[in-house]
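Listed below are the residues making up each chain.
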Amino acid sequence: MTNEELAQGIFKQAMSRHRTMGEAFKSKDYPYVIRTAQECVELCLKALLISAGIDPPKWHDVGGILQDYANRFPSIEKKVIDEMAFISRSLRADRERSMYGDDILHLPPDRLYSRYDAETAKTWAEKVFSVCSQFLKKKSL
């Protein structure tokens, strides 16, 4: 399997998370929007890295790795790479809480996240998804 094939396969998983995120938002499952937004961003960034021949680490926030290799993505502005790294780091911070709640505050996920939180996460994920989609499309032409 080539890096391009693997990147497309990973991006297909991101597409699935993107679709699920939209469904979760419509059903007002805001914690799940946060979770699927994080997974969508993670998979998008890993697809980008793989497409550039970089084997991403097996952790959830690879934004810093993307910044380290920004020169491998000349068609993506450095400012956009930095923004995607920020989004990845921000969503990573809520990955577990969006699924399990907060054991210190003794709150379940549905009491931690509002529509605003979900809209923000969804907007961020859609931005990363769009950038990655455009990059991977151009690369496969």
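Residues numbered from 1 in each chain as written. Predicted model: local features only at pLDDT ≥ 70, side-chain atom pairs only at ≥ 80, totals over all residues. Heavy atoms only, no water.

### Here's the deal with the pattern of salt bridges
No. 1: Applying the stated criterion across every chain, the model contains 13 salt bridges.
No. 2: Close ionic contact of Lys-127 with Glu-83 constitutes a salt bridge, the shortest N to O distance being 3.3 Å. Here Glu-83 lies in helix α4 (residues 78–92) and Lys-127 lies in helix α7 (residues 115–140), a separation of 44 residues in the sequence.
No. 3: For Glu-83, a relative accessible area of 30% corresponds to the partly exposed category.
No. 4: A salt bridge links Glu-96 to Arg-95, with the nearest nitrogen and oxygen atoms 4.0 Å apart.
No. 5: Each member of the salt-bridge network shares a partner with another, and the members are Glu-42, Lys-46, Arg-92, Arg-95 and Glu-96. (Salt bridge = Lys/Arg side-chain N within 4 Å of Asp/Glu carboxyl O. Helix = DSSP H or I, 4+ residues; strand = E, 2+ residues; numbered from the N terminus. Buried < 20%, exposed > 50% of the residue type's maximum accessible area, 1.4 Å probe, protein only.)

### Some words on the side chain of Ser-88
No. 1: Here Ser-88 shows up in helix α4.
No. 2: A relative accessible area of 3% places Ser-88 in the buried class.
No. 3: If near-sequence neighbours (up to four positions away) are discounted, Ser-88 is found in contact with Val-41, Leu-45, His-60, Asp-61, Val-62 and Gly-63. (Contact = heavy atoms within 4.5 Å.)

### Details of unusual backbone geometry
Across residues other than glycine, the phi torsion is negative in most instances, and most of the peptide bonds are trans.
No. 1: Of note in this structure, Lys-28 is not a glycine but carries a positive phi near 65°.
No. 2: Here Lys-28 shows up in the loop between α1 (3–26) and α2 (30–51).
No. 3: Notably, His-106 is not glycine yet its phi reads approximately 55°, a positive angle.
No. 4: Residue position: His-106 is located in the loop between α5 (97–100) and α6 (109–112).

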